[in-house]
Amino acid sequence: MHEELSRLQAEALAALADAADAAGLEAWRVRYLGRKGALTDTMKLLGTLPREARPAYGQAANEVKNALEAAFAERQEALKAAALQVELTGAALDVTLPGRLPALGHLHITTQTLRQFYAIFAEMGFQVYDAPDVETDEYNFGLLNMPPYHPARDMWDTFWVTQGSPDLSEKPTSARELVLRTHTSPGQIRVMRERCPEPIRVILPGKCYRYEQITARSEHQFYQVEGLAVGKGIRLTDLVGTLQQFARRMYGAGRRLRVRGSYFPFTEPSIEADMDCILCGGEGCGVCKYSGWLEIAGAGMVHPTVLRNGGYDPELYSGFAFGFGVERPALMKYDIHDIRYFYGNDLRFLGQFG
Ligand code: FA5
């Protein structure tokens, strides 16, 4: 019987010498040492032996098992060492190959443009003031000199918000009705009420919403940057100078500015500011509709009623305000032909502004 074990051991060791890689080694282990392997089979014979012969057979089988396990471990080590040797002496790893560069993200063109506004107005002493996107009818219109019947409300088609906060219930109707702000001008009242009677020099950037047809020039969500200066002795020339300085810092030193009379209920007098066309330099082209001028902002001197609504006495204080779009100036600056690209999420467009 022990001969059986010796034969098995000899056969297994010979087969082990032939196992040349990890797969071969594993196949060998399963065949000889596995739960259903050859050694287990020989253990089954134990039961057929006379009782007195069993201990010696068991011991011999154990010795074979130990010997095979030791040989297996040794062979495994030898194969590993051989594989390492092949790797070390084989073709060298080329560490000079260039790495694969990860794609870089960058700020959205709107954010970049907003930051240009912040930087330029910061140089002129304007702080950034944050006002809410959801406004009451009162702030968006009423306190800006547009009571409910006022026809100027038609200039700003509005998204109404149907669920107001419960804590507004004590307020008059116009303070209860909520809108997505149609412009950043309601922030003027908020900052005046907060700062009065201090002098003010702020810009109020943010998103505005209008129930409008979407076209190549108009979105129903877009950004504006409002500006407000309030103090003693502030004049229209301060406003024009500020806008002129902005145009030159944003679009280049030689830029010319022209102002035209306009109308906004919250400024008096009101103006529109135009800049000579950056594409044709004033010669006339498709972008400026052959006028040579591009409109850049609505503006004016803060209306006495608005100053009063903000807490300032218009006999003592005066101020100017202006409102820029953000996407439209970027359209001009980069000669982009359609505002819809801004929020279309097309990386072929956005990637050009990295
Ligand atoms: C206003 O919204 C005034 N609140 C601006 C103002 C502020 C005047 C302070 C006086 C004093 P207006 O509706 O023209 O004005 O909008 C201002 C700018 O917002 C426009 O010049 C334009 O650049 C931008 N804008 C308006 N509507 C859209 C739109 N649908 N899509 C993209 N940009 C728009």
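Rules used throughout
Counting from 1, residues in each chain are numbered in the order their sequence is written. Two thresholds apply to this predicted model, a pLDDT of at least 70 for residue-level local features and 80 or more for giving and counting side-chain atom pairs, whereas whole-chain, interface and lining totals are computed over all residues. Water and hydrogen atoms were dropped before computing side-chain values, which therefore reflect all heavy atoms in the structure. Definitions used for this entry: grid spacing 1 Å over protein atoms alone; cavity, a set of points where a 1.4 Å probe fits but cannot get out; pocket, an open set with protein on both sides within 12 Å along at least 5 of 7 lines; lining residue, one with an atom within 4 Å of a point. Grid points are joined across faces, edges and corners, and a volume is the space filled by probe spheres set on the points. Helix and strand assignments follow DSSP, with helices taken as H or I runs no shorter than four residues and strands as E runs no shorter than two, numbered in order from the N terminus. Under the convention adopted here, Pro, Cys and the residues Ala, Val, Leu, Ile, Met, Phe, Trp and Tyr are nonpolar, Asp, Glu, Lys and Arg are charged, and Gly plus all remaining residues are polar. When DSSP locates at least two bridges between a pair of strands, those strands are taken to pair. Simply put, an axis is a line fit to the C-alpha atoms, just over the touching stretch for a helix, and the angle between two N-to-C directions goes from 0 to 180 degrees. We call two directions roughly parallel when the angle between them is under 35 degrees, roughly antiparallel when it is over 145, roughly perpendicular when it lies between 65 and 115, and oblique otherwise. Should any heavy atoms of two residues lie within 4.5 Å, those residues are counted as being in contact. Only a single heavy atom is needed: when it lies within 4 Å of a molecule or strand, its residue is near that molecule or strand. Distance and chemistry together define a polar contact, namely a pair of N or O atoms within 3.5 Å, with one atom able to donate a hydrogen and the other to accept it when in protein, and with adjacent residues in sequence counting only for side-chain atoms on both sides. With residues, only the protein chains shown are counted as cover, and all accessible areas are computed by Shrake-Rupley using a 1.4 Å probe. Only protein chains enter the area calculation, which uses a 1.4 Å probe; residues under 20% of their type maximum are buried, those over 50% are exposed, and those in between are partly exposed. Working definition: a ring pair exists when centres of Phe, Tyr or Trp rings (six-membered ring for Trp) sit within 6.5 Å. Plane angles under 30 degrees give stacked, over 60 give edge-to-face, the rest tilted.

A. Looking closely at the layout of surface pockets. A volume near 1,200 Å³ is recorded for the largest pocket. In terms of lining, the largest pocket is formed by 50 residues, of which the most central are R217, E295, I296, G325 and R328. Taken together, the elements giving at least two residues each to the lining of the largest pocket come down to β6 (221-231), β7 (257-264), β8 (267-276), β9 (293-302), β10 (318-325) and α11 (327-334). A per-element tally of the lining of the largest pocket places β9 first, with seven residues. Residue composition of the lining of the largest pocket, by class: 24 nonpolar, 12 polar and 14 charged.

B. Structural context of the sheet that holds strand β4 (residues 178-180). On the basis of which strands lie adjacent, the open sheet formed by three strands has the order β2-β4-β3 and antiparallel pairing. The two strands at the open ends of the sheet, each matched to only one other strand, are β2 (134-136) and β3 (159-161). Going from strand to strand, the sheet's axes swing by 40° on average, the running direction of each strand aside. Where β3 meets β4, three bridges bridge the pair, whose relative direction is antiparallel.

C. A look at the packing of helix α5 (residues 109-123) against α11. Between α5 and α11, whose axes approach to 10 Å, the crossing angle comes to 100°. Considered as vectors, α5 and α11 are oriented roughly perpendicular to each other. In this structure, α5 uses I109, T110, T113, Q116 and F117 to contact α11, whose residues at the interface are E327, P329, A330, K333 and Y334.

D. Layout of the site of the ligand. If you check the shell around the ligand, you find 24 residues, and the closest are H183, S185, R210, E212 and E219. S185 has a polar side-chain atom sitting 2.9 Å from a nitrogen atom of the ligand. At 2.9 Å from a nitrogen atom of the ligand is found a main-chain nitrogen or oxygen belonging to E219. Notes on the ligand: free accessible area 680 Å², of which the protein chains cover 93%. Sort the elements by how many residues they give to the shell around the ligand and β10 lands first, with four residues. Taken together, the residues of the shell around the ligand sort by class into eight nonpolar, nine polar and seven charged.

E. A look at the pairing of β10. In terms of burial, β10 is a largely internal element, six of the eight residues being buried. Relative to β10, β6 is paired through eight bridges, and the arrangement is antiparallel. Residue V225 lies in a different strand from β10, and its bridge partner there is F324. Taken together, the five bridges between β9 and β10 define a ladder with antiparallel strand orientation. When the sheet's bridge partners are listed, G298 is paired in β10 with G323.

F. Highlighting the packing of aromatic side chains. The tally for this structure, following the rule as stated, stands at 21 aromatic pairs. Look at F117 and F121: their rings are 6.5 Å apart centre to centre, the planes differ by 15°, and that puts the pair in the stacked class. A residue pair is termed a helical-turn pair when its members lie 3 or 4 positions apart in one helix, as F117 and F121 do in helix α5 at four residues. When the ring of F121 is compared with that of F322, the centres are 5.2 Å apart and the planes differ by 20°; the resulting orientation is stacked. Separated by 201 residues along the polypeptide, F121 in helix α5 and F322 in strand β10 bring together distant segments of the chain. Overall, F322 belongs to the buried group, its relative accessible area being 1%. Through a chain of ring-to-ring contacts, three or more aromatic side chains come together here, namely F117, F121, F126, F246, F320, F322 and F324.

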